[in-house]
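Here is how the chains run, residue by residue.
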Amino acid sequence: MITLHWNTGYRNGIPETEVEERFRTLLRRDGAGNDFLGWMDPESIAPEDLISEIVAEAERLRRLAKVVVVAGIGGSYLGARAVIEALSPAYPAEDQVRIAYAGNSLSEDDMHDLLELLDRTDYAVIVISKSGTTTETAVSFRLLQAHCERKYGAQAVERIVCITDKEKGALKKLAVRKGYPCYILPDDVGGRYSVLTPVGLLPIAVAGFDIRALVHEAAAMKGEILKQGVAHDAVRYACHRNTLYRQGTAIEVLASFEPRLHYIIEWWKQLYGESEGKEQKGLFPAGVVYTTDLHSMGQFMQEGSRLMMESFLTVASPQNSCAVPMLPEEENLDQLNYLAGRRLHEINRQAYLGTALAHEDGGVPSLTIELERLDAENLGRLLYFFEFACAISGYLLGVNPFDQPGVEAYKRNMFALLGKKGYEQEGVALRERLEQKNA
Ligand code: PA5
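Note that the coordinates shown come from a computational prediction; the quantities given were computed from them, not determined experimentally.

A few words now on the pairing of strand β10 (residues 366-373). Counting buried residues along β10, six of its eight residues qualify, which places the element largely inside the surrounding structure. One ladder, built from four bridges, connects strand β1 (residues 2-5) with β10; its direction is antiparallel. The residue bridging L4 from the neighbouring strand is I369, located in β10. Strand direction decides the pairing type here: strand β9 (residues 308-317) and β10, joined by seven bridges, are parallel.

Encoded structure:
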């Protein structure tokens, strides 16, 4: 179960008719980006037979490999990493299949270290790219494929799985040519909304988590939203953040008190950043993990420029128990005996409550999204909650929440600077600009 608390009150300055209209537009599927609404139906993009197939494929990979490398960037890895890290123990058992990530940067040192690990470990690779041409993923996959073929020879084909577009794109062609198993990211699902397709589900299943529960609960959240309509908290969250935006708020900070939710925050940042940050509009999505970041960003949150709203993401019940030990009075030098017998979760909870009140006093409006527990069921609900809210929020903002035209600008420059065919003129102009800057 997910509960939303409006810590500093629900703000809604958006006319009811406007909210109704945006909600209906999404449901009628006739708004901007309406060819990318496949994510709205978790039970259609992840039907039971596909889930069974993915679970079987994951079992096969788990038998073959101690490390499974997930190569992808942006929407092609963040959802999987978010769920896997949220559900994984902080220090997994040695005999657990380990998930490693590649293709999400161009760091030579990171790639070198990964290849060294793969030299001494049995591994498999899941390469994920809808377009098949994303430089970070394609470059790292070249290296991984070459390593795999060197290490396993003809058996490499059993150790590489592709997830890509159904027919377009280089990766699909490569999969067919080499005979790699291949799963499809449906045409009508964009990268950042793809966590409940094979893009997220295969890596999550390989990590040993219950993808059926994830999908079923996402579908249950959809059912709830359809039943409650604009009264649902997902819609209210979209209205609240747009109201604050219209009143001058510039940043939304998603703050968790659980370090293992770090990648949920990263996934959320991409979802909202790429969906809304266009046409010089949108709340800048930022993230912090408390209490760690109370010792770095806490000062700014309390007293810095008043630009932000804060959304806390909390977990009501931990899975495990760990209490503060009592010390003999003469050893109570840290004066912490008053906490003896109390669980860390309770202390963390008071830290959250204290932080929320302090930031309220500092003039930061806040809300809390609370998960009953950190499990696949609650995460499935949370993912769908944020996706649906993001779509409505983008429509309220007046942008197409399903495209990302701005991402192309850096790519063009990079291709031009690297000398890619077709970018020669731009390359000359950019190099001149760089020379002038350095002169
Ligand atoms: O959300 C998106 O669409 C992007 O973040 C993409 O997922 C990302 O750019 C990777 O693209 P591709 O899957 O084509 O390699």
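So, about the side chain of D41. Its place among the elements puts D41 in the loop between α1 (16-28) and α2 (42-45). Within the local environment of D41, its side chain forms a polar contact with the side chain of R29, the two groups lying 3.1 Å apart. The contacts of D41, once residues within four sequence positions are left out, are R29 and K222.

This brings us to the packing of aromatic side chains. Taken as a whole and judged by the stated rule, the model has 24 aromatic pairs. Members of the aromatic cluster, each reached through a chain of ring pairs, are F23, W39, Y193, Y384, F388, Y395 and F402. Between the NZ or CZ atom of R159 and the centre of the ring of Y152, over which it lies, the distance is 3.9 Å. One cation-aromatic arrangement involves R236 over Y10; the distance from NZ or CZ to the ring centre is 4.2 Å.

To continue, consider the site of the ligand. Around the ligand there are 13 residues in total, and S76, S129, S131, T134 and Q270 lie nearest to it. For the ligand, an oxygen atom lies 2.7 Å from a polar atom in the backbone of K130. A distance of 2.9 Å separates an oxygen atom of the ligand from a polar atom in the backbone of R192. By residue class, the composition of the shell around the ligand is one nonpolar, nine polar and three charged.

What follows concerns the sheet that holds β9. Reading across the sheet, the five strands line up as β1-β10-β9-β7-β8 and stay open at both edges, with mixed pairing between neighbours. One side of each edge strand has no neighbouring strand; the edge strands of this open sheet are β1 and β8 (284-289). Taking the axes of each pair of neighbouring strands and ignoring which way they run, one obtains an average angle of 20° across the sheet. Strand direction decides the pairing type here: strand β7 (residues 251-256) and β8, joined by six bridges, are parallel. Looking at the pairing, S256 lines up with V289 of β8.

Moving on to the packing of helix α11 (residues 262-276) against helix α14 (residues 376-397). Contact pair α11 / α14: the axes reach a minimum separation of 9 Å and the direction vectors enclose 20°. Compared by their axis directions, α11 and α14 come out roughly parallel. α11 and α14 meet at a crossing whose hand is right-handed. Facing I264, W267, W268, L271, Y272, S275 and E276 of α11, the residues of α14 in contact are L379, L382, L383, F386, E387, A389, C390, S393, G394 and L397. Considering only residue class, the contact of α11 with α14 consists of 12 nonpolar, three polar and two charged.

Should the sulfur atoms of two cysteines be covalently bonded, the bond is a disulfide. Throughout the structure, instances matching the rule amount to zero disulfides. The closest cysteine sulfur to the non-disulfide-bonded C148 is located on C162, 11 Å from its own sulfur. Not part of a disulfide, C182 finds its nearest cysteine sulfur in C162, a span of 5.4 Å.

Annotation of the chain at the domain level lists domain 1 (2-31 + 214-397), domain 2 (35-209) and domain 3 (405-438). The distance between the C-alpha centroids of domain 1 and domain 3 comes to 39 Å.

In this fold, L144 is placed in helix α6 (residues 135-152). Residue L144 is classed as buried on the basis of its relative accessible area, which comes to 0%. It is 9.1 Å that separates the C-alpha atoms of L144 and A71, two residues lying 73 residues apart in sequence. Sequence-distant contacts of L144, defined by excluding residues within four places in its chain, comprise V69, A71, A102, L114, L115, L118, Y123 and V125.

With 13 residues, α1 extends 18 Å from end C-alpha to end C-alpha; this agrees with the ideal 18 Å at 1.5 Å per step. By the burial criterion, the buried members of α1 are E18, V19, F23, T25 and L26. Taken down its axis, α1 places every buried residue within 155° of arc, on the same side. Facing away from the buried side of α1 by more than 90 degrees, the exposed set consists of E16 and T17. At its buried positions, α1 is contacted by α9 (211-228), α10 (233-246) and α14.

What follows is about the nonpolar core. With 95 residues, the main nonpolar core has W39, L379, F386 and F388 as its most contacted residues. Residue contributions to this core peak at 14 residues, all from α14. When residues are assigned to domains, this core turns out to be shared by domain 1 (2-31 + 214-397) and domain 2 (35-209), each giving three or more. Among the nonpolar cores identified, the runner-up in size contains 23 residues, and L117, L118, L144 and C162 belong to it.

Turning next to the sheet that holds strand β6 (residues 182-184). Pairing is parallel in the open sheet, where five strands are placed in the order β3-β2-β4-β5-β6. Since the sheet does not close on itself, it has two edges, and those belong to β3 (98-102) and β6, each with one partner. Strand after strand, the sheet turns through a mean of 20° between neighbouring axes, direction not considered. In terms of strand pairing, strand β2 (residues 67-71) meets β3 through five bridges, oriented parallel. Bridge pairing in β3 places V68 opposite I99. The sheet contacts of helix α7 (residues 170-178) involve β4 (123-129), β5 (160-164) and β6, and relative to β5 the element is tilted by about 145°.

Another point: the environment of R212. For R212, the position within the fold is in helix α9. Placed 19 residues apart in sequence, R212 and A231 show a C-alpha to C-alpha distance of 28 Å. Those residues in contact with R212 that lie beyond four places of it in its chain are E48, I51, S52 and V55. In this structure the side chain of R212 is engaged in a polar contact, spanning 3.2 Å, whose partner is the side chain of S52.

Conventions and cut-offs
Residues numbered from 1 in each chain as written. Predicted model: local features only at pLDDT ≥ 70, side-chain atom pairs only at ≥ 80, totals over all residues. Heavy atoms only, no water. Buried < 20%, exposed > 50% of the residue type's maximum accessible area, 1.4 Å probe, protein only. Helix = DSSP H or I, 4+ residues; strand = E, 2+ residues; numbered from the N terminus. Pairing = 2+ DSSP bridges. Polar contact = N/O pair within 3.5 Å; in protein donor to acceptor, adjacent residues only side chain to side chain. Contact = heavy atoms within 4.5 Å. Phe/Tyr/Trp six-rings, centres within 6.5 Å; stacked < 30°, edge-to-face > 60°. Lys NZ or Arg CZ within 6 Å of the ring centre and 35° of its normal. Near = heavy atom within 4 Å. Nonpolar A, V, L, I, M, F, W, Y, C, P; charged D, E, K, R; others polar. Axes fitted to C-alpha atoms, helices over the stretch in contact; angles between N-to-C directions. Parallel < 35°, antiparallel > 145°, perpendicular 65-115°, else oblique. Left-handed = near helix turned anticlockwise from the far one by under 90°. Disulfide = S-S within 2.5 Å. Domains from an automatic or database assignment. Expected span 1.5 Å × (residues − 1). Arc of directions from axis to C-beta. Core = buried A, V, L, I, M, F, W, Y, C linked by side-chain atoms within 4.5 Å.

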